[in-house]
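Tertiary structure, described
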Amino acid sequence: MNNYEVMYIVRPVEEEAFEAVVAKFDNLINNNGGTVEKTDRWGKKRLAYEIDDIAEGLYVLVTFSAEPKTVKELDRVMKITDEILRHMIIRKGE
């Protein structure tokens, strides 16, 4: 298994909806054979530029270990999830 980080920005939504999105992706990693080590909720921050007329977003950073197939599935689901404005998955060096 490799170590990864994923940073994603969630549209400004209610607290319950935000927690549901975070839980959805943590569960997706765990259910596909990965392990979530840490989930940091950075909270609401101003974006450098507007995306779809949205100026603020809720930032989340997740550190996890997984196989490459799990990362591909995570990327696929994040691309089709409407609440996600942007995301980036990187593999951490050893």
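Residues numbered from 1 in each chain as written. Predicted model: local features only at pLDDT ≥ 70, side-chain atom pairs only at ≥ 80, totals over all residues. Heavy atoms only, no water.

All right, on to the sheet that holds strand E3 (residues 54-66) then. Spatially, four strands are ordered E2-E3-E1-E4 in an open sheet, and the strand pairing comes out antiparallel. Each end of this open sheet is capped by a strand with a single partner; those strands are strand E2 (35-51) and strand E4 (84-91). When strand polarity is set aside, the average angle formed by the axes of neighbouring strands in this sheet is 20°. As defined by bridge partners, strand E1 (residues 2-10) adjoins E4 across seven bridges and the pair is classed as antiparallel. Counted as the bridge partner of Tyr8 is His87 from E4. Set on the sheet, helix H1 (residues 15-31) makes contact with E1, E2, E3 and E4; between it and E2 the angle comes to about 135°. Packing of helix H2 (residues 68-80) onto the sheet brings it into contact with E1, E3 and E4, and relative to E4 it is tilted by some 165°. (Pairing = 2+ DSSP bridges. Helix = DSSP H or I, 4+ residues; strand = E, 2+ residues; numbered from the N terminus. Axes fitted to C-alpha atoms, helices over the stretch in contact; angles between N-to-C directions. Contact = heavy atoms within 4.5 Å.)

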